Amino acid sequence: DAGVTQSPTHLIKTRGQQVTLRCSPKSGHDTVSWYQQALGQGPQFIFQYYEEEERQRGNFPDRFSGHQFPNYSSELNVNALLLGDSALYLCASETNTELNTEAFFGQGTRLTVV
Amino acid sequence: AQSVTQPDIHITVSEGASLELRCNYSYGATPYLFWYVQSPGQGLQLLLKYFSGDTLVQGIKGFEAEFKRSQSSFNLRKPSVHWSDAAEYFCAVANHNFNKFYFGSGTKLNVKP
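None of the values given here were measured: they were computed from a predicted structure.

Student: When you look at the packing of aromatic side chains in this model, what are you seeing that I'm missing?
Tutor: Here the distance between the centres and the angle between the planes together describe a pair of aromatic rings. Within the structure shown, the criterion is met by 21 aromatic pairs over all chains. With a centroid separation of 6.5 Å and an interplanar angle of 55°, the aromatic rings of A:Tyr35 and B:Phe101 are classed as tilted. A residue pair is termed interchain when its members come from two chains, as with A:Tyr35 in strand S4 (residues 31–37) and B:Phe101 in strand S11 (residues 101–103). We note that A:Tyr35, like B:Phe101, is buried. Between B:Phe101 and B:Phe103, the ring centres sit 5.7 Å apart and the planes meet at 35°, which makes this aromatic pair tilted. Residue class for B:Phe101 comes out buried when judged on its relative accessible area of 3%. In this structure B:Phe103 comes out as buried when scored by relative accessible area, which is 8%. Over the aromatic face of A:Phe104 sits the side chain of A:Lys26, whose NZ or CZ is 4.9 Å from the ring centroid.

Right, dumping it as structure tokens:
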């Protein structure tokens, strides 16, 4: 049973460009959350997708957008990249159908903006 | 507003010594509490979690944590640290809809031989 998989593992982009990060949730999980972890910080919640819709959003600008597909996989898109967007982006998946479940995190995508 | 504080940024302990990592939280109701570990370049691995019931929670790798409502704390402990425990540890609180985590800023653990 594959866990949460994220791609790519590393990415270098230039300021002003756009980037798309991908996440495949753990088998049986229908809910995907995205987190940004800047160097030396704890992860910060970006948003969560369930049933192909954004269900909750953290304090991030509209440059950060996402999508969830019918197979529950998800994408995180960031437009007009800034140097400060350099971070580890983590995807977490969970099931919405059980109480007291845990979220499983992927290995992350390390984005560097130059 | 929900928040998590980990007051110790770095901790160094000798191999075989005991360990306690501090975590304080702010939450309006009984929280769901978690400890995660992150090795360099890796994602987050769950060590243990508290939802309800017994306030002393056992986790993987010999870790345990105790929920103390009166102190708004959820400190992580291990009686004897191994060199492989060197990593960064994050405490987190989740709301009751389990929609999102609030993480502390982490405690980096170094283990001396």
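Still more ground to cover, so stick around.
Student: Is there a simple way to explain the pairing of strand S7 (residues 64–68) of chain A in this structure?
Tutor: In regular strands, side chains alternate between the two faces of the sheet. All names here are of chain A. Taking every second residue as pointing to the same face, the buried face of S7 carries Phe64, Gly66 and Gln68, while none of Ser65 and His67 on the other face is buried. Bridge count between S7 and strand S8 (residues 74–78): five bridges; the pairing is antiparallel. Note that in S8 the partner of histidine 67 across the bridge is glutamate 75.

Conventions adopted
- Note on numbering: residues in each chain are counted from 1, in written sequence order.
- By the order in which they are written, chains take letters starting at A while ligands take numbers starting at 1.
- In keeping with the model being predicted, local features are shown solely for residues with a pLDDT of at least 70 and side-chain atom pairs are shown and tallied solely at 80 or more, while totals for entire chains, interfaces and linings include all residues.
- Only hydrogens and water are removed before side-chain values are computed, so all heavy atoms of the structure are retained for them.
- Only rings of Phe, Tyr and Trp enter the pairing, Trp through its six-membered ring, and a pair is recorded when the two centres are within 6.5 Å. The plane angle decides the type: under 30 degrees is stacked, over 60 is edge-to-face, the rest tilted.
- Only DSSP runs of H or I covering at least 4 residues are called helices, and only runs of E covering at least 2 are called strands; the numbering of each starts at the N terminus.
- A 1.4 Å probe rolled over the protein chains alone gives each residue an accessible area, and that area as a share of the maximum for its type sets the label: buried under 20%, exposed over 50%, partly exposed in between.
- Here, a charge over a ring means that NZ of Lys or CZ of Arg falls within 6 Å of the ring centre while also lying within 35 degrees of the ring normal.
- Two strands make a pair as long as DSSP finds a minimum of two bridges between them.

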